[in-house]
Amino acid sequence: MGPAEIVMSLKELCAEEGPKIRTETIVEWIDRQGGFESEAELIAYAKKMKARQFARQLTYEDEETGLKIKRLWSFRDPVTRERYYNDILQLPEEQRRRLIIQYSHFLDQLRSVRRAMADYFAGQEFFPFYVGAEADGDFEDE
C-alpha cells in the first residue's frame, strides 16, 4: 500500500477513532494496513526524520532583533522532488535582514493563530465570531 492509499485509509480511522487520535493509534493503523513495507525502509525513513529533527534544532540568533530562528530551511525541488536545505547564513546580508524582518512579522501572526486554535480545541471557544460570521454572511468577497 502506497502513501496515497494510506492517507486515504486514514479517513476511515478518523471516522472510527476521532476526534482525538493519538500518534500511536495512527502508527498502529498504518501498520495494520501494511503501510510499513519493510523494516529497512522504515529504518531509512526514521533516519531521515531524525536528520530533519536535528536540522530544525540548528538556530541562528540575530543580534539586531534578538530573535532565534531556524538556520536551515527545507524545501522540495519541484523537478527532482529531493529535499534541500537553505542555510540563512549563506544569504547576502541585506537579503537575510529582510527575511528576518518578514519572519518576525509572520511569527507574531502564527503564534496568535496557534494559540487561538489550541484554545478552540481545548473547549474555550476562543473565536466563535469567525465561525458565526461566515454563516451570517459577514465575510465580503475580496
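Residues numbered from 1 in each chain as written. Predicted model: local features only at pLDDT ≥ 70, side-chain atom pairs only at ≥ 80, totals over all residues. Heavy atoms only, no water.

## Describing the packing of aromatic side chains
Centre-to-centre distance and the angle between the planes together describe a pair of aromatic rings. To be explicit about the condition: Planes of paired rings set the category: under 30 degrees apart is stacked, over 60 is edge-to-face and the rest tilted, where pairs are Phe, Tyr or Trp rings (Trp by its six-membered ring) whose centres lie within 6.5 Å. By the criteria applied, helices consist of DSSP H or I runs no shorter than four residues and strands consist of E runs no shorter than two, each listed in order from the N terminus. By the criterion adopted, a ring carries a charge over it if an Arg CZ or a Lys NZ lies within 6 Å of its centre and within 35 degrees of its normal.
Inspection of the entire model under this criterion finds two aromatic pairs. Ring plane angle 70 degrees and centroid distance 5.9 Å describe the contact between W73 and Y103, whose orientation is recorded as edge-to-face. Of this pair, W73 sits in strand β3 (residues 72–76) while Y103 sits in helix α4 (residues 93–124), placing them 30 residues apart in sequence. One cation-aromatic arrangement involves K70 over W73; the distance from NZ or CZ to the ring centre is 4.1 Å.

## Observations concerning the nonpolar core
How we decide: We call a set of buried Ala, Val, Leu, Ile, Met, Phe, Trp, Tyr and Cys residues a nonpolar core when their side-chain atoms join them within 4.5 Å. Buried, partly exposed and exposed residues are distinguished by accessible area as a fraction of the type maximum, computed with a 1.4 Å probe on protein chains only: under 20%, between the cut-offs, and over 50%, respectively. Residues count as neighbours in contact if any of their non-hydrogen atoms are within 4.5 Å of one another.
One finds Y60, L67, I69, I88, I100, Y103 and L107 forming the largest nonpolar core, which totals seven residues. Broken down by element, this core gets its largest block of residues, three residues, from α4. Those residues within four positions of I69 in sequence are excluded, and the remaining contacts are L58, T59, Y60, I88, L99, I100 and Y103.

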